[in-house]
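Coordinates in review
Listed below are the residues making up each chain.
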Amino acid sequence: MTFKDLGLSAAILKAVEEKGYTKPSPIQEKAIPHILEGKDILASAQTGTGKTAGFTLPVLQYLSDTKHPKYRPLRALVLTPTRELAAQVHDNVREYSKYVDIRSTVIFGGVNAKPQIATLRTGVDILVATPGRLLDLHDRKAVSFKRVDILILDEADRMLDMGFVRDINKIISFMPEKRQNLMFSATFSKDIKKLAAGILRNPVAVETAPQNSTAKKVTHKVYKIDKSKKTEFTIKLVKDNNWNQVLIFTRTKHGANKLTKKLISAGITAAAIHGNKSQGARTKALKNFKDNTIKILVATDIAARGLDIPLLPHVINFELPNVPEDYVHRIGRTGRAGAVGEAISLVCSEESEYQSEIEKILKEKIASTIVEGFEPTDTAGPKRAASQSKGSFGKKKKGGNSGSSNQNKPKRKPHFKGNKPAGATSGRGRTGAPKKKRF
Ligand code: AMP
C-alpha cells in the first residue's frame, strides 16, 4: 500500500514525500481510511509507530476538503499530555500542512500566554494543546470550541495518569455534540476504557501491536547490580561502548539531577529533563540531545513521555519503573522506525519484584547478567521481595519496606474516577452510521 492508495490529496502527498516516507506505517495504513470516513477510532499505538501522521494526515485532508468561514474558527483540536509532545505534534502538523491552506498553532503552559492569545485571535484551523493552558485561554475567551469537528486525544493513558480527566471533560463540554473523536493510547486500563466509552461513539478499534507489547526489534537486557554501583556502571557502559545517544530513565527528579551531575563530572555530556525544569531548559535539553550536542538525556517518565527521538539505539533504565506499563512507554523510545534498539535495565535486589511484573506484561523473561565488580551485594531487597512477592505490583504495600529508600516505595499515581464526560457525541456524520465495534 502507498500513501496515494489511502486517498490523500496531492498537496498532502507532496509534504509526506518531502519527509522521506516511502510507505505508510501499519497504524497509518489501518487508521487513515477510517478517519477519512469520519469514524471515531480507539487506537492502540505507542510513540514511534507513526501515529502522529496517522491522525494528522486525514485531519488535514478533511480540513482542506471542507469550507471554512473567513474568520477561521477552530475545527480540529489535538490534546496532548506534555508540552514537549504538543510541540512535536505541532511540528509535524506544520510540516504536513506545508502545501495546504490550513493554519495551525500550539499552546502549552510554562511560557508567556500573550503571543498564544494573539495567534489564536488571527484564527487557526487546527490547534495542538495541553489541557491546562487551553482551559485557561478558553476562560479568557481567547479560543472557542463551538465549531470543533474533530477532537484528537493523543496519549490518552498518560493524560489520565497526569490527572487531566477533569480538564478533558470540561473542554469537551464546550464542544458540539456532533463531532469526530480519535483516541490514541499505548495501554488500555479500565480507566482508559471508561474514558473512551464516555467520549467515543461506535469507535473502530485500531490495533497494530498486541496490548501492552513493546515495539518489535527491541532486545531487553538486565544487569543485576549493586544499588551503590549503578552510576559507576552506567558511566562504564557508555564509555566502553562509545555510545553517543542514550536516553536514561530515573524514577525521581532528584535522581535525574544527581545522575546527570555525575555523568558530567565523568566527562560525558548530559542533561536532565523533568517536571521541575523550566520549559526553556526542557526544550534546550531535548534539542541538544537530538542534534548530538549532548550524549545523554536523563529523564523521568512523565517528562520523556511521547518525545520523538528518532532512531534511538539505547535506552537505560537506571531504575525500573514501579508501574510496569511505564517500562513499555520507556522502551517505546528505542527500536523505532524499523531500527534495532536495546533496552538495558540496571536492577538491584530490591527491584527484583518490579522485574517479574514487567516480564509478566512483556510475556517474556529478560536475560540477566552479573558483571564482575558490580555484583549485587545489597540484601534489603530479597527479604522484602520474598515476603511481598504476592503483593499487587505498583500499589502501596503494607508492612516494613526493609530499609528501601522513599523513592523506591511502590506508588501508583491516582486515577480519577467517576467523571462522566459531558459530551457524548454522534460523529461528524459525513458517512452515515459507522460500523459497530464498541468498547
Ligand atoms: P510518531 O509515532 O508519530 O512519534 O512517529 C515516530 C517517527 O516516525 C517520527 O520521527 C516520524 O517522522 C516517523 N514516521 C512517521 N510515519 C512514517 C512513515 N510512514 N515512514 C517512515 N517514518 C515515519
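Residues numbered from 1 in each chain as written. Predicted model: local features only at pLDDT ≥ 70, side-chain atom pairs only at ≥ 80, totals over all residues. Heavy atoms only, no water.

Before going further, it helps to spend a moment on helix H2 (residues 26–36). Taken as a whole, H2 has its buried residues at Ile27, Gln28, Ala31, Ile32 and Ile35. Burial along H2 is one-sided: seen end-on, the buried residues are contained in an arc of 110°. Backbone geometry just after H2 places Gly38 at a positive phi near 90°. (Buried < 20%, exposed > 50% of the residue type's maximum accessible area, 1.4 Å probe, protein only. Helix = DSSP H or I, 4+ residues; strand = E, 2+ residues; numbered from the N terminus. Arc of directions from axis to C-beta.)

By size, the foremost hydrophobic cluster in this structure holds 39 residues, and its most contacted members are Ile41, Leu57 and Leu182. Considering every element that reaches this core, the biggest residue donor is helix H3 (residues 51–65), with seven residues. Residues in contact with Ile41, not counting those within four places in the same chain, are Ala31, His34, Ile35, Asn181, Leu182, Met183, Phe184, Leu200, Pro203, Val204 and Val206. Counting residues in each nonpolar core, the second largest holds 36 residues, with Ile117, Leu153, Val165 and Ile172 among its members. (Core = buried A, V, L, I, M, F, W, Y, C linked by side-chain atoms within 4.5 Å. Contact = heavy atoms within 4.5 Å.)

Another aspect to go through is the packing of helix H14 (residues 324–331) against helix H15 (residues 352–362). As a packed pair, H14 and H15 sit with axes 8 Å apart at the nearest point and diverge in direction by 70°. Considering the angle they form, H14 stands roughly perpendicular to H15. Between H14 and H15 lies a crossing of right-handed hand. On H15, the residues touching Pro324, Glu325, Tyr327 and Val328 of H14 are Glu357, Ile358, Ile361 and Leu362. Of the residues contributing to the contact of H14 with H15, the split by class is six nonpolar, no polar and two charged. (Axes fitted to C-alpha atoms, helices over the stretch in contact; angles between N-to-C directions. Parallel < 35°, antiparallel > 145°, perpendicular 65-115°, else oblique. Left-handed = near helix turned anticlockwise from the far one by under 90°. Nonpolar A, V, L, I, M, F, W, Y, C, P; charged D, E, K, R; others polar.)

Let us now look at the sheet that holds strand S5 (residues 150–153). The seven strands lie next to each other as S3-S4-S2-S5-S6-S1-S7, forming an open sheet whose pairing is parallel. Either end of the sheet is taken by a strand with one partner, and the two such strands are strand S3 (104–107) and strand S7 (204–207). The sheet shows a mean angle of 15° between the axes of neighbouring strands, direction not considered. Relative to strand S4 (residues 126–129), S3 runs parallel, the two being bridged by four bridges. From the neighbouring strand, Thr105 faces S4, where its bridge partner is Leu127. (Pairing = 2+ DSSP bridges.)

This part takes up the sheet that holds strand S9 (residues 246–249). In space, the seven strands of this open sheet follow the order S10-S11-S9-S12-S13-S8-S14, with parallel pairing throughout. Strand pairing shows two members of the sheet lacking a second neighbour, strand S10 (270–273) and strand S14 (368–370), which therefore form its edges. In this sheet, neighbouring strand axes are inclined to one another by 25° on average, regardless of whether the strands run parallel or antiparallel. Of the strand pairs in this sheet, strand S12 (residues 314–317) and strand S13 (residues 341–347) are connected by four bridges, and their pairing is parallel.

Bringing H15 into the picture now. Of all 11 residues that make up H15, eight are buried, and the element is covered over most of its length. The complete set of buried residues in H15 reads Glu353, Tyr354, Gln355, Glu357, Ile358, Glu359, Ile361 and Leu362.

The environment of the ligand is formed by 14 residues, the closest being Tyr21, Gln28, Gly48, Gly50 and Thr52. At 2.5 Å from an oxygen atom of the ligand is found a side-chain nitrogen or oxygen belonging to Tyr21. At 3.4 Å from an oxygen atom of the ligand is found a main-chain nitrogen or oxygen belonging to Lys51. Here the ligand has 500 Å² of accessible area as a free molecule, and 83% of this is covered by the chains. In the shell around the ligand, the residues fall into three nonpolar, seven polar and four charged. (Near = heavy atom within 4 Å. Polar contact = N/O pair within 3.5 Å; in protein donor to acceptor, adjacent residues only side chain to side chain. Areas by Shrake-Rupley, 256 points an atom, 1.4 Å probe, with all protein chains shown as cover.)

Here S13 lies mainly inside the structure; seven of its seven residues are buried. The two faces of S13 match: Gly341, Ala343, Ser345 and Val347 on one face and Glu342, Ile344 and Leu346 on the other face are all buried. Pairing of strand S8 (residues 218–224) with S13 involves seven bridges; the strand directions are parallel. Looking at S13, one finds that Val222 is bridged to Ser345.

So, on to the packing of aromatic side chains. Here the structure, examined in full by the defined rule, presents six aromatic pairs. Taking 4.9 Å as the distance between ring centres and 65° as the angle between the ring planes, the aromatic pair formed by Tyr223 and Phe233 counts as edge-to-face. One end of the pair, Tyr223, is in strand S8; the other, Phe233, is in helix H10 (residues 230–241), with 10 residues separating them in the sequence. Exposure class is identical for Tyr223 and Phe233. Each is buried. Grouping aromatic residues by their ring pairs yields a cluster made of Phe3, Tyr21 and Tyr96. One residue, Lys14, lies across the ring of Tyr99, its end atom 4.2 Å from the ring centre. Directly above the aromatic system of Phe318 lies the positively charged group of Lys230, at a separation of 5.9 Å from the ring centroid. (Phe/Tyr/Trp six-rings, centres within 6.5 Å; stacked < 30°, edge-to-face > 60°. Lys NZ or Arg CZ within 6 Å of the ring centre and 35° of its normal.)

Attention shifts here to the confidence of the model for the protein. A residue-level look at the protein finds 81% of positions with pLDDT of 70 or above and a mean pLDDT of 82. Across residues 210–215 the pLDDT falls below 50, and counting only partners more than four positions away or on other chains, this stretch makes 16 contacts in the model. In the predicted structure, residues 380–427 sits below a pLDDT of 50 and forms 102 contacts with residues beyond four places in sequence or in another chain. (pLDDT = per-residue confidence, 0-100.)

Within the secondary structure layout, Ser349 lies in the loop between S13 and H15. Residue Ser349 is classed as buried on the basis of its relative accessible area of 11%. Sequence separation between Ser349 and Pro376 is 27 residues, and the spatial gap between their C-alpha atoms is 6.7 Å.

Structurally, Thr250 is set in the loop between S9 and helix H11 (253–265). For Thr250, the side chain forms a polar contact with the main-chain oxygen of Thr252, separated by 3.0 Å. Beyond its immediate chain neighbours, meaning those up to four positions away, Thr250 contacts Gly255, Ala256, Leu259, Val298, Ala299, Thr300, Asp301, Phe318, Glu319 and Arg330.

A few words on the pattern of salt bridges. Across all of its chains, the model carries 22 salt bridges by this definition. Notably, a salt bridge pairs Asp291 with Lys287, separated by 3.1 Å at the nearest N-O pair. Residue classification places Asp291 among the partly exposed positions, given a relative accessible area of 39%. Lys287 sits in the exposed class, given a relative accessible area of 52%. Among the ionic pairs, Asp301 bridges to Arg330, the shortest N-O distance being 2.7 Å. With a gap of 29 residues between them, Asp301 in helix H13 (residues 301–304) and Arg330 in helix H14 connect regions that are remote in the sequence. (Salt bridge = Lys/Arg side-chain N within 4 Å of Asp/Glu carboxyl O.)

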